[in-house]
Structure formats: C-alpha cells, structure tokens
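Residue-level structural notes
Residue-level listing of the chains:
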Amino acid sequence: MHQKILTGDRPTGSLHLGHYVGSLMQRVALQDTASQTILIADMQGLTDNGHNPRKVADNILNVLADYLAVGIDPERTVICLQSSLPALAELTMYYANLVSVSRLERNPTVKTEIAGKQFGRSIPAGFLSYPISQAADITAFRATLVPVGEDQLPMIELTNEVVRKVNQVAGKAVLIECRPLLSKVPRLPGMDGKAKMSKSLGNTITLGSDEAEIRQAVKMMYTDPNHVRIEDPGTVEGNVVFTYLDAFYPDEAYIQQLKRDYRHGGLADSRLKKILEECLQETLSPIRQRRAEVIDDKARLISILRSGTEKARLETEAVAREVKASFGLDVLG
Ligand code: ATP
Ligand code: MG
C-alpha cells in the first residue's frame, strides 16, 4: 500500500542529534517511496511558550534550514506551517470534546513533561491537550505512518482512539488509523547522560554546532566513573560515549571490538572519545555546510514554506469538511 506520512517538529530551537537519528534520517529515506508531509508545529511550540511567542517565531526558518541541510527535498516532501492551516485548529476543537481530562493526565510523556516543567495546577490548557492537536495534525493528512521518537508512542495511541471515536460518532469510517515508525535509535540520551536529548532539557548537540562545540560536548560526556586507570576493566552499559558510538558509528563490528577491549581493560577513555568526536565531526560537517548555504536566503525559505503550506491547506480543509459533514454540522455547507 502507498504510505501516507505525517511527521514534524516544534520550532522551539534548532534540531539536534536526537532528531537526526530519531526521525530525520528515516524521513530522508522515505521521500523516495512514500508521500510525505513535514509539519513545522509552531502552534504546538506555543503550548509551553505562550508568553514568549517570539522564541517560536524565530525558530521556524531555522528548523526549515535544518530539514534542507539533512537532505529533505521540498520537491519530494511537502513542508508546511501549522499556524497557517486553520483546519488543524478546527479539527482540534471537534476532537477535544471526545477526550477526557483524565485520559490526557494519564499520558506518560505529558506526565513526565509536566513534572519536569513544574507546572502544577498552572499548566496551560493547551499544553495538557497538545496530544489532541497532534491527533488533528495526523488525521488531517490521512497519515498511515508517523516516523517518531519513542516519547511520541502515547500520542499515536491517543490519535487512534480519537479516530475510532470519530468514526463511531459519525457512524462511518471518516478517519483512518495510523502506526508509528521508530528508528534504530528511538531515544537518544542527552550528552549529559539524561534519559533523552531534548531542547527543553538543554542537553543537545544541535545540527548547526561548530567543531569546537562538538569537541567540547564529547569532552564533557559521561563514561564510567570507576574506569580510573587505562588498564582497569570498564563498563559499557550506561556509558554515554558507547551509546553514541552505537547510534552514529557506521561499522558495528568495530564498535563491538572496542566494547570487548574496554571491558577487558586497556582502552583509554580519551581514545574512545577521540573516535566518537571524529565520527560526529564527520556526520555534522556536511550538514553544517549545507545549513550555512541555505539559512541566509530567507526569500527562498519563505517560498518553500508557502508553497508547501498551500498544498497542505487544500488537503487539510477537505478532511475538516468531511468530519464536520459526518457530524451533520454542514448546515450552511
Ligand atoms: P522539546 O524539549 O521542546 O519537547 P524535543 O527536543 O523533544 O523538544 P520535539 O520537537 O518535541 O523535540 O520532537 C520532535 C520529534 O523528534 C519527535 O518525533 C521526537 O520523538 C523526536 N525526538 C526528539 N528528541 C529525540 C531523541 N533524543 N531521540 C529520538 N527522537 C527524538
Ligand atoms: Mg519534545
């Protein structure tokens, strides 16, 4: 079956290595075989930046430049802007009446985020309900496949619940269910070793990082605190440098050999870090170069986003119209 793909990111900062291995590489590969749309989710970016919309606005073209830099081709992938697609907001309002607050509060990813942000009862209503707006995004494009990181699995589950509820209320199959597509590295830990590399945790290596920043990031990385002398046996599990080598180094057999050497003793942290640093420099150098080439041509970036958003507008309006009609609310057409 021809797959329809919807994926995207919040423009709350530059994209990072977690995005790269967690979903961007897959998106680049999928452009050849599927019909793919990438949504720059600026409205969703506002859910925890309501009082600082400039931060979101300023990152829209940054994120677009990141896409082009990693090899997303606007001729083959539609790239569009959420806030210019009112049908997404319309669908969000319909769906919001089919999802309970307790269901939203049970979402494990949102729960962790709420705790991390220390919102308490001051949580913005938009933040608690952002999974509903994601359901609107996915269904508005009739997506069947959604390339995401692991933290997004509860959102896909909720989306499919919404699909079933809408179809039940409508009495027919108006919407289609989707499935997630995880990458080989569904959750890259932060460079500080924390569970996830993420913009809001401030533990990222961004795609535009320069050589010195990459060097510094690797230097700071956590290895095995008990590996004091080179000849001591070292631990691979939980060793962030190895986690990154697993994620980025192309020759798996070589990494397996390094792990054996490290466990046995005799492999220095400094050598391990040098291998990782070279690997990350090689991965990021062409991306940084392409990024620098595209970022200054604002007119071209705007034109790419405008034409993608126009295509998406027709598609999303058609779905919103169909949902509305299936509820019998098309009294005025
Ligand atoms: P924020 O902290 O503002 O939520 P983020 O760094 O989590 O930002 P998002 O824009 O929320 O980035 O995530 C966009 C997509 O990238 C999602 O599919 C998410 O699962 C994926 N992703 C983000 N961080 C990682 C990571 N560390 N490993 C794998 N996938 C990731
Ligand atoms: Mg996130």
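Residues numbered from 1 in each chain as written. Chains lettered and ligands numbered in written order. Predicted model: local features only at pLDDT ≥ 70, side-chain atom pairs only at ≥ 80, totals over all residues. Heavy atoms only, no water.

**Re unusual backbone geometry**
- Phi is positive for Q118, close to 50 degrees, though the residue is something other than glycine.
- When you line up the elements, Q118 lands in the loop between α6 (108-117) and α7 (125-128).
- Judged by relative accessible area, which is 71%, Q118 ranks as exposed.
- Phi at R142 is positive, roughly 50 degrees, even though this residue is not glycine.
- Look at R142 and you get partly exposed, because its relative accessible area is 28%. (Helix = DSSP H or I, 4+ residues; strand = E, 2+ residues; numbered from the N terminus. Buried < 20%, exposed > 50% of the residue type's maximum accessible area, 1.4 Å probe, protein only.)

**Digging into the packing of aromatic side chains**
- With the rule as written, the count across this model stands at six aromatic pairs.
- Ring centres 5.5 Å apart and planes at 35 degrees place the aromatic pair Y249 and Y254 in the tilted group.
- Since its relative accessible area comes to 27%, Y254 is described here as partly exposed.
- These aromatic residues form a ring-pair network of at least three members: F119, F127 and Y130. (Phe/Tyr/Trp six-rings, centres within 6.5 Å; stacked < 30°, edge-to-face > 60°.)

**Quick word on the domain arrangement of the chain**
- Taken domain by domain, the chain comprises domain 1 (4-189 + 298-326) and domain 2 (208-292).
- Using C-alpha coordinates to define each centre, domain 1 is positioned 33 Å away from domain 2.
- Together domain 1 and domain 2 conceal approximately 1,100 Å² of surface at their shared face, both sides included; 64% is due to carbon and sulfur atoms.
- Applying the counting rule to domain 1 against domain 2 returns one salt bridge.
- Ionic pairing is found between R291 and D66, a salt bridge with its closest N-O pair at 2.5 Å.
- Every element with two or more residues in the side of domain 1 that touches domain 2 is listed here: α1 (17-30) and α3 (53-70).
- Considering each element in turn, the side of domain 1 that touches domain 2 owes the most residues, six residues, to α3.
- Per-class residue counts for the side of domain 1 that touches domain 2 are ten nonpolar, two polar and two charged. (Domains from an automatic or database assignment. Buried area = accessible area lost by both parts, 1.4 Å probe. Salt bridge = Lys/Arg side-chain N within 4 Å of Asp/Glu carboxyl O. Nonpolar A, V, L, I, M, F, W, Y, C, P; charged D, E, K, R; others polar.)

**A short note on the pattern of salt bridges**
- As enumerated under the stated definition, the model contains 22 salt bridges in all.
- The closest approach of N and O atoms between K117 and D48, which form a salt bridge, is 2.8 Å. Residue K117 is found in helix α6, and its partner D48 is found in the loop between α2 (42-45) and α3; the two are separated by 69 residues along the sequence.
- Its salt-bridge partner being R164, residue E177 comes within 3.1 Å of it at the nearest N-O pair. Taken together, the positions of E177 in the loop between α9 (153-170) and β5 (179-181) and R164 in helix α9 put the pair 13 residues apart, joining distant regions of the chain.
- Taking the relative accessible area as the measure of exposure, E177 reaches 37% and is therefore partly exposed.
- Taking relative accessible area as the criterion, R164 reaches 43% and is therefore assigned partly exposed.
- Overlapping salt bridges bring together R10, D48 and K117 as one network.

**Considerations on the packing of helix α4 (residues 86-96) against helix α14 (residues 298-326)**
- Across the interface, α4 lies against α14 with an axial gap of 9 Å and an inter-helix angle of 30 degrees. Taken together, the axis directions place α4 and α14 in an arrangement best described as roughly parallel. You can see that α4 and α14 cross each other, and the crossing is left-handed. For the pair formed by α4 and α14, the contact residues are A87, L88, E90, L91, Y94 and Y95 on the first element and T316, E317, V319, A320, V323 and K324 on the second.
- The residue makeup of the contact of α4 with α14, split by class, is eight nonpolar, one polar and three charged. (Axes fitted to C-alpha atoms, helices over the stretch in contact; angles between N-to-C directions. Parallel < 35°, antiparallel > 145°, perpendicular 65-115°, else oblique. Left-handed = near helix turned anticlockwise from the far one by under 90°. Contact = heavy atoms within 4.5 Å.)

**Remarks on the site of ligand 1**
- Around ligand 1, the surrounding shell holds 20 residues, and the nearest of these are H16, D151, K196, S198 and S200.
- Within the side chain of H19, an N or O atom sits 2.9 Å from an oxygen atom of ligand 1.
- One of the side-chain nitrogen or oxygen atoms of S200 is found 2.4 Å away from an oxygen atom of ligand 1.
- For ligand 1, the accessible surface in isolation is 600 Å², of which the surrounding protein chains cover 95%.
- Listing elements by their share of the shell around ligand 1, those giving two or more residues are β1 (4-9) and α1.
- Ranked by the residues each element gives to the shell around ligand 1, the list is headed by α1, at three residues. (Near = heavy atom within 4 Å. Polar contact = N/O pair within 3.5 Å; in protein donor to acceptor, adjacent residues only side chain to side chain. Areas by Shrake-Rupley, 256 points an atom, 1.4 Å probe, with all protein chains shown as cover.)

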